[in-house]
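For reference, the chains in residue letters:
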Amino acid sequence: MSIDQRRRVRVDRHQFLEYTTQCPFCNTSVGPRFVTREHLDVPPDPPYAATVKCPKCTEIFEVMFTDAQP
Ligand SMILES: [Zn+2]
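Predicted model only: the values in this text are computed from it and were never measured. (Residues numbered from 1 in each chain as written. Predicted model: local features only at pLDDT ≥ 70, side-chain atom pairs only at ≥ 80, totals over all residues.)

Engineer: Could you give an account of the pairing of strand β6 (residues 60-65), with specific residues and numbers?
Structural biologist: Alignment of strand β1 (residues 8-11) against β6, held across 4 bridges, turns out to be parallel. Within β6, the position partnered with Val-11 by the bridge is Phe-65. Here strand β5 (residues 49-53) runs beside β6; their pairing, made up of 5 bridges, is antiparallel. Counted as the bridge partner of Val-52 is Phe-61 from β6. Taking the residues between adjacent antiparallel strands as the criterion, β5 and β6 are bridged by 6 residues, where Thr-58 takes a positive phi near 65°. (Pairing = 2+ DSSP bridges. Helix = DSSP H or I, 4+ residues; strand = E, 2+ residues; numbered from the N terminus.)

Engineer: Describe the nonpolar core, and please don't skip the residues or the numbers.
Structural biologist: Counting residues in each nonpolar core, the largest one holds 8 residues, listed as Phe-16, Cys-23, Val-30, Phe-34, Ala-50, Val-52, Val-63 and Phe-65. Looking at this core, the elements with two or more residues in it are β5 and β6. The contact partners of Cys-23, leaving out residues within four places of it in the chain, are Thr-28, Val-30, Cys-54, Lys-56, Cys-57 and Glu-59. (Core = buried A, V, L, I, M, F, W, Y, C linked by C-beta atoms within 7 Å. Buried ≥ 20, exposed ≤ 12 C-beta atoms within 10 Å, placed from the backbone. Contact = placed C-beta atoms within 7 Å.)

This is the structure we're talking about:
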């Protein structure tokens, strides 16, 4: 898997909110606390993606919420 692919992970938003998502680089559990930016789609939809900075390895990656994808 390329580094670019690892920088974009698809997760269930509810799992993300419960910190069951793992950093693709070091497997540290990440959640909303480590979001640096939410990507808002057309209102009133919830955010469909977020930028996350891992608290351990400090890698930055995109989390795409599968339940918000068409
Ligand atoms: Zn990490």
